[in-house]
Amino acid sequence: MEEKEIMDEKAIARALTRLAHEVIERNEGIASVVLIGIRTRGIYLADRLAERIAGIENSKVSVGELDITLYRDDLKQKTADPEFSGSRIPVSIEGKTVILVDDVLYTGRTARAAMDALMDIGRPQRIQLAVLIDRGHRELPIRPDYIGKNVPTSKEEIIAVQLKEVDGADRVVIRTRNK
């Protein structure tokens, strides 16, 4: 596989700072905003986004974690024994603006599963979607509200978001098969 870096640590940091400003502006502050990261890398991106928002607004935004394992439509194809670690949402989402945070938006199926999981937890006033990378190829009518970077890809290419918390480094790479 051939690998090309498309975002380094500084580019990821800049994208998250821009997203923080967009979240604040679109929601006229953060009074009713809850950030919920989709397991796994979305959780760390949500934490980082919350830190940036707190730095701008001098106020903390609540952050939660969402495990969508049991809501995936490909669960039976993935594994016979799924690993479910549970969701942690520290505040009620009733009547709130919930911003789902994920690393890559591809077909839209993960975002759909996340919305289903959220609705089982409570009824937010609205749900927004923030992604670090939008690579296209949607199979469902899902559109992100906040995008760190648009990366048009072929279906054969793979986007890998690597974060310090999981992978030891911050970068985004695109992998293509050698012909």
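**Quick notes on the packing of aromatic side chains**
Item 1. On inspection of all chains with the given rule, the structure shows 0 aromatic pairs.
Item 2. Sitting over the ring of Tyr106, Arg135 keeps its end group 4.0 Å from the ring centre.

**Notes on the pattern of salt bridges**
Item 1. According to the stated counting rule, one finds 15 salt bridges in the structure shown.
Item 2. Arg18 is paired through a salt bridge with Glu22; the nearest N and O atoms lie 3.2 Å apart. Placement of both Arg18 and Glu22 in helix H1 (residues 9–26) is noted, with a separation of 4 residues, approximately one turn of the helix.
Item 3. Among the ionic pairs, Arg39 bridges to Asp67, the shortest N-O distance being 3.8 Å. A residue pair is termed long-range when its members are at least 10 positions apart, and Arg39 in the loop between strand S2 (33–38) and helix H2 (41–57) and Asp67 in the loop between strand S3 (62–66) and helix H3 (75–78) qualify at 28 residues.
Item 4. What you see here is one network of salt bridges that share partners, running through Glu3, Glu5, Arg171 and Arg175.

**Concerning the sheet that holds strand S8 (residues 171–176)**
Hydrogen bonds along the backbone pair up the strands of a sheet, which may run parallel or antiparallel.
Item 1. Strand order in this open sheet of 3 strands is S1-S8-S7, and the pairing throughout is antiparallel. In this open sheet, the two strands that pair with only one neighbour each are strand S1 (2–7) and strand S7 (158–162). The average angle at which neighbouring strand axes cross in this sheet is 30°, direction not considered.
Item 2. As paired strands, S1 and S8 are joined by 5 bridges and run antiparallel to one another. Looking at S8, one finds that Met7 is bridged to Val172.

**What to know about the nonpolar core**
Item 1. Of all hydrophobic cores here, the largest spans 31 residues; its most connected members are Leu35, Ile53, Leu132 and Ile133.
Item 2. Considering each element in turn, this core owes the most residues, 8 residues, to H1.
Item 3. Excluding residues within four positions of it along the chain, Leu35 makes contact with Ala46, Leu49, Ala50, Ile53, Val61, Ser62, Val63, Gly64, Ile99 and Val101.
Item 4. Within the second largest apolar cluster, 17 residues are counted, among which are Ile93, Leu129, Val131 and Ile142.

**Details of helix H4 (residues 109–121)**
Item 1. With 13 residues, H4 extends 19 Å from end C-alpha to end C-alpha; this agrees with the ideal 18 Å at 1.5 Å per step.
Item 2. Of the positions making up H4, those classed as buried are Ala111, Ala113, Ala114, Ala117 and Leu118. Along the long axis of H4, the arc covered by the buried residues comes to 160°, so they all point the same way.
Item 3. Buried positions along H4 lie against S2, S3, strand S4 (97–105) and strand S5 (126–134).

**A few points about the environment of Val172**
Item 1. Relative to the helices and strands, Val172 resides in strand S8.
Item 2. Sequence-wise, Val172 and Val161 are 11 residues apart; in three dimensions their C-alpha atoms are separated by 4.5 Å.
Item 3. Not counting residues within four places of it along the chain, the set of residues in contact with Val172 comprises Lys4, Glu5, Ile6, Met7, Ile12, Leu132, Ile133, Ile159, Ala160 and Val161.

Parameters at a glance
- All chains use their own residue numbering, which begins from 1 and follows the written sequence.
- Where local features are concerned, this predicted model is filtered to residues with pLDDT of at least 70; where side-chain atom pairs are given and counted, the filter is 80 or more; whole-chain, interface and lining totals use all residues.
- To get the side-chain values, all heavy atoms of the structure are used, and hydrogens and water are removed first.
- Centres within 6.5 Å make a pair out of two Phe, Tyr or Trp rings, where for Trp the six-membered ring is used; the pair is then stacked when the planes are under 30 degrees apart, edge-to-face when over 60, and tilted otherwise.
- Over a ring means this: the NZ of a Lys or the CZ of an Arg is within 6 Å of the ring centre and within 35 degrees of the ring normal.
- By definition here, a salt bridge exists when the distance from a side-chain nitrogen of Lys or Arg to a carboxyl oxygen of Asp or Glu is within 4 Å.
- For helices the rule is a DSSP run of H or I covering at least 4 residues; for strands it is a run of E covering at least 2, with both sets numbered from the N terminus onward.
- Note: two strands are recorded as paired if DSSP finds a minimum of 2 bridges between them.
- Axis geometry follows a simple rule: fit a line to the C-alpha atoms, using only the stretch in contact for helices, then measure angles between N-to-C directions, giving values from 0 to 180 degrees.
- Put simply, a nonpolar core is a bunch of buried Ala, Val, Leu, Ile, Met, Phe, Trp, Tyr and Cys residues held in one set by side-chain atoms that sit within 4.5 Å of each other.
- Only protein chains enter the accessibility calculation, which uses a 1.4 Å probe; a residue is then buried when its area is under 20% of its type maximum, exposed when over 50%, and partly exposed in between.
- Throughout, a contact is declared for two residues whenever any of their heavy atoms are within 4.5 Å.
- To estimate how far a helix should reach, multiply one less than its number of residues by 1.5 Å.
- Directions from the helix axis toward the C-beta atoms define the arc.

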